[in-house]
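# A closer look at the structure
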Amino acid sequence: MIVADAFVDLRSDTVTRPTPGMREVMATAEVGDDVYGEDPTVNALEAEVAALFGHEAALFAPSGSMANQIALQLLVSPGNELLCDADAHVVTYEIGAAAAYGGISSRTWPAVGADIDPETVAGMIRPDGYFAVPTRAIAVEQTHNRGGGGVIPLATLRELRRVADEAGVALHCDGARIWHAHVADAVPLVEYGQLFDTLSVCLSKGLGAPVGSLVVGSAEKIERARLIRKRMGGGMRQAGILAAAGRYALAHHVDRLAEDHARAARLAEAVAPFGVLAAPVRTNLVPLDLSKHALDARALAAAARAEGVLISVLGPRTARLVTHLDLDDAGVTRAASVLARLLAA
Ligand SMILES: Cc1ncc(COP(=O)(O)O)c(C=O)c1O
């Protein structure tokens, strides 16, 4: 079943399928055994992404979750602590991987999406000592998924860097959608890159590649990351077929994210009169808060599905609409009219 053909699919930006141009470069990609370091297309992708963020090296990984978990294992040794927000992907949707694979203890600040207060984070850091679990790293998410696609301001990130430096802890960015932040706030990727010890970035979300994420960092870290990836079963062989899709996505699908943001704004405008917009829309995610609405999230999703529109249920009264490469203006018009009618009833 090809869901996207029959429905307007607003569940996630991961539902996109490779474009004809992307498939063409995949079919003709030069490949080798990447576990031997011999896949020229993977090597080119890694060098390209490292340079984009102003770091020495990068490592191709099968998923954003694995890229995050490799980075966390680089920064936090077993029995030590990671700080992040309570809604962070790394502690919400990665099935306890930091604890299960890294022996990492996680402590969270209350979920505030992209509105982080660096002083709150500073106050949570625990130094080395006999009694406490020492903090080794802070992780932030740019853009923030459960935070409705919010963009952490550059000034906040700079403050967090200062906090991390003063405490001697590392700073990681879950940058699955950092491309969207780059487009929304016109911050060069290299400027984001400079602020973090490690980043994970995804090619398979808004950029439309079928598979793939990268860990970005120093040459020393990425050498260790290669071992961790292999240990986790993430060593791939002729992965150049996938890396070619990623390179194509970087060349063709970054600037166009502005279109996704504009379409998300149109959806937000359509649902806003019904008091269900959870937060202002900055990027490609439209968070819905149905706590004051007659329909709960499941009921809205079921009614929308019956009319050919798919949305994500995040909680009993929270839902999400996502714009992406496989959604055009006609799809947005159809979805906006269906959702407005259902919410008005
Ligand atoms: C913010 C964020 N980080 C990481 C991931 C994990 O990516 P993957 O599904 O490739 O493991 C996602 C997935 O949607 C995400 O939204």
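Let us look at the structure shown here. Computed from a predicted model, the values in this text were never measured in an experiment.

Criteria and thresholds
Residues numbered from 1 in each chain as written. Predicted model: local features only at pLDDT ≥ 70, side-chain atom pairs only at ≥ 80, totals over all residues. Heavy atoms only, no water. Pairing = 2+ DSSP bridges. Helix = DSSP H or I, 4+ residues; strand = E, 2+ residues; numbered from the N terminus. Axes fitted to C-alpha atoms, helices over the stretch in contact; angles between N-to-C directions. Left-handed = near helix turned anticlockwise from the far one by under 90°. Contact = heavy atoms within 4.5 Å. Nonpolar A, V, L, I, M, F, W, Y, C, P; charged D, E, K, R; others polar. Parallel < 35°, antiparallel > 145°, perpendicular 65-115°, else oblique.

Let's shift gears to the sheet that holds strand β9 (residues 285–289). Adjacent strands of a sheet pair through backbone hydrogen bonds, lying either parallel or antiparallel. A sheet is described by the order of its strands in space; here three strands give the open sequence β9-β12-β11, paired in antiparallel fashion. If you trace the sheet from one side to the other, it starts and ends with β9 and β11 (312–315), each paired once. Averaged over all adjacent pairs, the angle separating strand axes in this sheet is 30 degrees, with direction ignored. Relative to strand β12 (residues 318–322), β11 is paired through three bridges, and the arrangement is antiparallel. Each residue of the ladder has a partner; that of V313, found in β12, is A319.

Moving on: the packing of helix α3 (residues 40–52) against helix α12 (residues 240–252). With their axes 8 Å apart at the nearest point, α3 and α12 run at an angle of 35 degrees to one another. Between α3 and α12 lies a crossing whose hand is left-handed. Seen from α3, the contacting residues are T41, V42, A44, L45, E48, V49 and L52; seen from α12, they are G240, A243, A244, G246, R247 and L250. Its residues assigned to classes, the contact of α3 with α12 shows eight nonpolar, three polar and two charged.

Time to look at the packing of helix α9 (residues 178–185) against helix α13 (residues 257–271). Their axes nearest at 9 Å, the elements α9 and α13 cross at an angle of 80 degrees. Compared by their axis directions, α9 and α13 come out roughly perpendicular. Across the interface between the two elements, W179, H180, V183 and A184 from α9 touch L257, A258 and H261 from α13. Looking at the contact of α9 with α13, its residues break down into five nonpolar, two polar and no charged.

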